[in-house]
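# Analysis of the macromolecular model
Each chain is listed here by its residues.
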Amino acid sequence: MLTLVLPRLVDVSAASRRSVSVVERNVAALKSVYWLLLLSGFVEPLLYLLSIGIGVGALVGDLPLPDGRLVSYAEFVAPAMLASSAMTGALAETTFNFFGKFKYMKLYDGMIATPVRPFEIALGELGWAMLRGSAYSAAFLAVMVAFDLTTVVRALTALPAAVLVGFAFGALGMAVSTFMRSWQDFDLMGSAQFTLFLFSGTFVPAQAYPTLLHWLIEVTPLYRSVHLIRDVTLGVGGWAWLLDVLYLLVLVGVGLRVASRRMGRLLYP
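Before going into details, it helps to say that this report is about the structure given with it. (Residues numbered from 1 in each chain as written. Predicted model: local features only at pLDDT ≥ 70, side-chain atom pairs only at ≥ 80, totals over all residues. Heavy atoms only, no water.)

Right, let's talk about a nonpolar patch on the surface for a bit. On the surface, F194, L198, F199, L212, L213, W215 and L216 cluster together into a nonpolar patch covering about 710 Å² of accessible area. Of all the secondary structure elements, the ones that give two or more residues to the nonpolar patch are α8 (186-198) and α9 (211-218). The biggest single contributor to the nonpolar patch is α9, with four residues. Topologically, F199 is positioned in the loop between α8 and α9. (Patch = residues over 30% accessible without salt bridge, like charges linked within 9 Å, V, L, I, M, F, W, Y side chains within 5 Å. Areas by Shrake-Rupley, 256 points an atom, 1.4 Å probe, with all protein chains shown as cover. Salt bridge = Lys/Arg side-chain N within 4 Å of Asp/Glu carboxyl O. Helix = DSSP H or I, 4+ residues; strand = E, 2+ residues; numbered from the N terminus.)

See the structure below:
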């Protein structure tokens, strides 16, 4: 029995080390100017929070939660900005940067000449994207606590939720990138990302839309992400968040599988 299990454990350990080596390569390739670009993923949602959540919020007033509790508009918008920040950080690494390494730098062609496999490359790139996304999420949660938009305990609980959101969008972005033919194709992805940002219960409750649109919104990944983080940061009771977690976990699995299979086909023609 031991002889059957041990090789699998060794194989998993070796695969993990190879995935970590992909992350280490990305860290080593950083330049000082790159850190300035990383700030954009944090600053943009922060500006939305200050201008719309707080500025427009002074005109909107309080909004009711499903349990009847009233919250300020800033408290309602802030979790959506956190989910959007996690999405933006993950997608930035697993779409544009990933596509450039794959299509033009031919970085992965060299990697597969080593024992590193396509799935391990995909997992390593996703892990690197999550380092970026987690930094955005942690910084944004600190801002939320500073503005009294959530508590410290809820912020600590929301951080793993935001990391899960980043994993889901990172896996999805990587899968989509393997189908891209040129940089122009990313215009469509940018439009889809902005549409999700506007219509995911971000600035108004999804129930405010017509019934058909409401149903469509509720099956989108960003809505499930916003719903999950909003429930956590506002302390909304119930078990509806389990559906959100399951949805995002499935998205991670499907995205990684599609990305690794597509990479295998493209790298081993």
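On we go.
Within the structure shown, the criterion is met by 13 aromatic pairs. Summarising the aromatic geometry, the rings of F99 and Y104 are spaced 6.0 Å apart at their centres and angled 75 degrees between planes, so their arrangement reads as edge-to-face. By relative accessible area, which is 3% here, F99 ends up buried. An aromatic cluster is present here, built from F96, F99, Y104, W183 and F186 joined pairwise through their rings. If you follow R230 out to its NZ or CZ, it ends over the ring of F76, 3.7 Å from the centre. A cation over an aromatic ring shows up here: R262 above the ring of F179, its NZ or CZ 4.2 Å from the ring centre. (Phe/Tyr/Trp six-rings, centres within 6.5 Å; stacked < 30°, edge-to-face > 60°. Buried < 20%, exposed > 50% of the residue type's maximum accessible area, 1.4 Å probe, protein only. Lys NZ or Arg CZ within 6 Å of the ring centre and 35° of its normal.)

Within the secondary structure layout, S200 lies in the loop between α8 and α9. Along the chain, S200 and I217 lie 17 residues apart, while their C-alpha atoms are 5.8 Å from each other. In this view, S200 contacts I217, T220, L222, Y223 and V226; residues no more than four positions away in its chain are not counted. Separated by 2.4 Å, the side chain of S200 and the backbone oxygen of L196 make a polar contact. (Contact = heavy atoms within 4.5 Å. Polar contact = N/O pair within 3.5 Å; in protein donor to acceptor, adjacent residues only side chain to side chain.)

Turning to unusual backbone geometry, a few remarks are in order. The phi dihedral of D148 falls on the positive side, at around 60 degrees, and the residue is not glycine. When you line up the elements, D148 lands in the loop between α6 (118-146) and α7 (152-177). Looking at D148, the relative accessible area reads 62%, which means it is exposed.

The biggest cluster of nonpolar side chains holds 61 residues, and the ones touching the most others in it are M81, Y108 and M263. Sort the elements by how many residues they give to this core and helix α4 (residues 73-104) lands first, with 15 residues. Apart from residues lying up to four places away in sequence, M81 is in contact with P45, Y48, L49, F140, F197, T202 and F203. (Core = buried A, V, L, I, M, F, W, Y, C linked by side-chain atoms within 4.5 Å.)

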